[in-house]
Amino acid sequence: MKNTRAVLRALPLVASALGSKYGVRVVIGGNQACTDGRTITLPSLPLDMPETFLLLVRGYLDHEAGHIRETDFDALRGARLSPLEHHVWNSIEDWRVERRMAEIFPGCRHNFNRLVRHVFAGSATVSGSPVQDIPNWLLLAIRSWDVPELAVSRDELARHMDREFPGLRARLESVLHAVRALCRSTGDALDYARRIVRLLEQAAQPQPASRAPGRQKSPRDASTPGQKAEAGQAADQKEDSPAPVALPDSSPETDRRQAIAAGGTRRKELPAKAAKRLKALLDAPGDALPGNLGSVLAQAITEAAPGDGKDALRVAVVGHKPLLPLSEQERKDALRASTALQARLHGLLQASTLVRCATGRRGRLDTGRLHRLAVDDTRVFRRKGLRQGMDSAVHLLLDCSSSMDKGMELACAASYALARALEACAVNVGVSAFPAGAGENRSWATVAPLVRHGQRVHPHMAVRAYGRTPLAEALWWAMGAMLALPQRRKLILVVTDGEPDSLPCARRALEAARQHGFEVLGVGIANSAVRVLLPRRNIVIQDMRELCPALFQLLHRAMLGTDRAA
């Protein structure tokens, strides 16, 4: 039923699927991409999304979902890091979390590598400022463990560091070896970030060499100040000769041995000018440091998003709507219509299910057919065949916008009658009303589930009419809610009386539904506006008596496939 390539291009469905898979909440709608440690928020999306934008959003979802699942935010809040410590921690934690996500969900590794290659390859160049160059080198050194293509930019920055800060890179590399071999938790990442910043602080504050007590002067100590200066310069030049630029391509075990041995790395003092420049890095505010992967992605997605305009793609969020029971008369009328409809739906709402019913030359041996071998008939096996069986899921979307005020009683009763009849036919039915009220930022893109899939249908379906008509947002939400259902056939019935807030967005959602195997039908309540969106896939009723014959005719046309092109 599903077109995999089309699903991967439909970001609302991707977000819904990933949110369920990773166990996080994803919201689409607003002005910026961000996360609060529990929910990933994406801005309103463009109707036509290029491949690069899809890559950025999919990578952002994977990246931030990893932090929500794996990062200990309580430990981070309690650490009280400086801006530089937080930046270094972020570079280490990003790599650790992505590695952990790749262990749980192997497909993430390919997505992360593509994303890192796209964002960082060739982007980090020598700026001449330690505030940019040293953090960028740390970032590329860590990222090049998984994406070797970053080695060119990493090595360029390394050569610059060796000239400006001789001996510093070797000390930092010793800690990075430990990170690669031993970093297993958020607490480990915090400890290594502090170690790296401590090395930078030590390098920025060179101390004069002290002589041990009681030590006798050597002939070298007795030399003149000029001779000592020349000897010191020669020693510094020998000690600070640049190490090989590239980090060694080592195994984790090699990194472990190097990490253990790294504790004895001897400290070398930097020239006073270099130490002063390094102090600028230590005192730099957070906004002066280079962006990490999450912030770079969030900024790129926010800038590419169309804003919160009328024709931007959004997904409804779940809200609350007060529910009241139907009146006694409304319930009687609905049950009468439901009983009549139920009898006629049994032969229509069916899908093919696999059963062992056919006899053939392969399959499972049928001992009751062995007598055929006596006449050289080898059809003694039972194989899987097709039989018509109930395997459908239907979701009713009830429009309760302010324009439905006069027809709200009829719409609620009709929805209840439909849901009861479908449930009696062993159909997995769900019912939702939209909008549920003004949500965050006074947005009407909300939906209230009245009956979730798997729950029993109840008569508490009387709702008030108010607000706008976010049909496109409700359709995306319904598709996301039904995507993981096991039923082969999925139908969405929209009960409405008017036009949606955004006709282009509604048409885009309907086109996506068609591509992904959903069938969308319209039930107009005393209004024919639904025919604009769903020509030949709609009915219009004026009262409950018309519901049964009209809906039967609509489903009959849909089942026969005479309106597939609509």
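If you're wondering where the values come from, they're calculated on a predicted model, not measured in any experiment.

Undergrad: Is there a simple way to think about helix α3 (residues 51–70) in this case?
TA: Note: α-helices contain 3.6 residues per turn, so residues at a spacing of three or four share the same orientation. In this model, α3 (20 residues) spans 28 Å end to end at C-alpha, consistent with the 28 Å of a helix rising 1.5 Å per residue. Among the 20 residues in α3, 15 count as buried, and that is most of the element.

Undergrad: Looking at this structure, I do not really get helix α10 (residues 186–204). What am I missing?
TA: For α10, with 19 residues, the first-to-last C-alpha span of 27 Å sits near the 27 Å given by 1.5 Å per residue. What α10 keeps buried is the set Thr186, Ala189, Leu190, Tyr192, Ala193, Ile196, Val197, Leu199, Leu200, Ala203 and Ala204. Those residues of α10 that are buried are in contact with α3, α4 (73–79), α5 (83–104), α7 (130–143), α9 (168–182) and α13 (272–282).

Undergrad: Is there a simple way to explain unusual backbone geometry in this structure?
TA: Only a minority of non-glycine residues have a phi that is not negative, and only a minority of peptide bonds are not trans. Phenylalanine 434 connects to proline 435 through a cis peptide bond whose omega is -5°. Turning to its location among the elements, proline 435 is positioned in the loop between β9 (428–434) and β10 (446–451). Unlike most non-glycine residues, aspartate 376 shows phi in positive territory, near 60°. Looking at where aspartate 376 falls in the secondary structure, it is placed in the loop between β6 (364–365) and β7 (381–389). A residue is classified by how much of its surface remains accessible, and aspartate 376, at 71% relative accessible area, is exposed. Of note in the backbone geometry, alanine 426 takes a positive phi value of approximately 65° without being a glycine. With respect to the secondary-structure elements, alanine 426 resides in the loop between α16 (408–424) and β9.

Undergrad: Please explain the confidence of the model for the protein chain as it appears in this structure.
TA: As a note on interpretation, predicted positions should not be read in detail where pLDDT is low. Looking at the protein chain, the pLDDT average stands at 80 and 80% of residues meet or exceed 70. Long-range and interchain partners of residues 1–5, a stretch whose pLDDT sits below 50, account for eight contacts in this model, where long-range means more than four residues apart. Low pLDDT (under 50) marks residues 210–252, which in the prediction has 32 contacts with non-local residues, meaning those over four places away or in another chain.

Undergrad: What am I meant to see in the pattern of salt bridges here?
TA: Pairs can form between side chains of opposite charge whenever their charged atoms are close. Inspection of every chain in the model, using the stated rule, returns 24 salt bridges. For the salt bridge of glutamate 103 with arginine 100, the shortest nitrogen-to-oxygen distance reads 3.2 Å. Pair noted here: glutamate 103 and arginine 100 are both in helix α5, with a separation of three residues, about one helical turn. The exposure class of arginine 100 is partly exposed, given its relative accessible area of 34%.

Undergrad: What's the story with the nonpolar core in this structure? I'm lost.
TA: Soluble globular proteins: nonpolar side chains tend toward being buried together. In terms of nonpolar packing, the biggest core is built from 115 residues, with Leu278 and Ile492 touching the most fellow members. Here the element with the most residues in this core is α10; it accounts for 10 residues. Non-local contacts of isoleucine 492, meaning those with residues more than four positions away in its chain, are made with His395, Leu397, Leu475, Ala478, Met479, Met482, Phe518, Glu519, Val520 and Leu521. If you look at the next biggest cluster of nonpolar residues, it comprises 49 residues, including Ala334, Met408, Tyr416 and Val495.

Undergrad: Explain the packing of α5 against α7 here, please?
TA: Pairs of packed helices are described in terms of their axes, by the angle between the two and the distance that separates them. Between α5 and α7, whose axes approach to 10 Å, the crossing angle comes to 10°. As far as their axial angle goes, α7 and α5 are roughly parallel. In this structure, α5 crosses over α7, and the sense of that crossing is right-handed. Contacts from His87, Val88, Ser91, Ile92, Asp94, Trp95 and Glu98 of α5 reach α7 at Pro135, Leu138, Leu139, Ile142 and Arg143. Its residues assigned to classes, the contact of α5 with α7 shows seven nonpolar, two polar and three charged.

Undergrad: Mind showing me how you'd approach the packing of aromatic side chains here?
TA: Aromatic rings considered in pairs are described by the distance between their centres and by the relative angle of their planes. Across all of its chains, the model carries one aromatic pair by this definition. With 5.0 Å between their ring centres and 80° between their planes, tryptophan 95 and tryptophan 145 make a pair best called edge-to-face. On the criterion of sequence distance, the pair formed by tryptophan 95 in helix α5 and tryptophan 145 in the loop between α7 and α8 (151–164) is long-range, its members being 50 residues apart. The same class applies to tryptophan 95 as to tryptophan 145, namely buried. In this arrangement the basic side chain of lysine 321 is found over the ring face of tyrosine 466, its NZ or CZ atom lying 3.6 Å from the centre.

Undergrad: It is not clear to me how the pairing of β10 should be interpreted in this structure. Could you clarify?
TA: As a general feature of sheets, a regular strand has side chains that alternate between the two faces. Of all six residues in β10, five are buried, a share of seventy percent or more. Sheet topology places strand β4 (residues 317–318) next to β10; two bridges connect them, and they run parallel. Within β10, the position partnered with valine 317 by the bridge is threonine 446. Here β9 pairs with β10 via three bridges, running antiparallel. Directly across from serine 432, in β10, lies its bridge partner proline 449.

Undergrad: When you look at the environment of leucine 176 in this model, what are you seeing that I'm missing?
TA: Secondary-structure assignment places leucine 176 in helix α9. What makes leucine 176 buried here is its relative accessible area of 1%. Sequence-wise, leucine 176 and alanine 193 are 17 residues apart; in three dimensions their C-alpha atoms are separated by 9.8 Å. Leaving out residues up to four positions away in the same chain, leucine 176 has contacts with Trp137, Leu138, Ala141, Ile142, Trp145 and Ile196.

What counts and how
- Residues numbered from 1 in each chain as written.
- Predicted model: local features only at pLDDT ≥ 70, side-chain atom pairs only at ≥ 80, totals over all residues.
- Heavy atoms only, no water.
- Helix = DSSP H or I, 4+ residues; strand = E, 2+ residues; numbered from the N terminus.
- Expected span 1.5 Å × (residues − 1).
- Buried < 20%, exposed > 50% of the residue type's maximum accessible area, 1.4 Å probe, protein only.
- Contact = heavy atoms within 4.5 Å.
- pLDDT = per-residue confidence, 0-100.
- Salt bridge = Lys/Arg side-chain N within 4 Å of Asp/Glu carboxyl O.
- Core = buried A, V, L, I, M, F, W, Y, C linked by side-chain atoms within 4.5 Å.
- Axes fitted to C-alpha atoms, helices over the stretch in contact; angles between N-to-C directions.
- Parallel < 35°, antiparallel > 145°, perpendicular 65-115°, else oblique.
- Left-handed = near helix turned anticlockwise from the far one by under 90°.
- Nonpolar A, V, L, I, M, F, W, Y, C, P; charged D, E, K, R; others polar.
- Phe/Tyr/Trp six-rings, centres within 6.5 Å; stacked < 30°, edge-to-face > 60°.
- Lys NZ or Arg CZ within 6 Å of the ring centre and 35° of its normal.
- Pairing = 2+ DSSP bridges.

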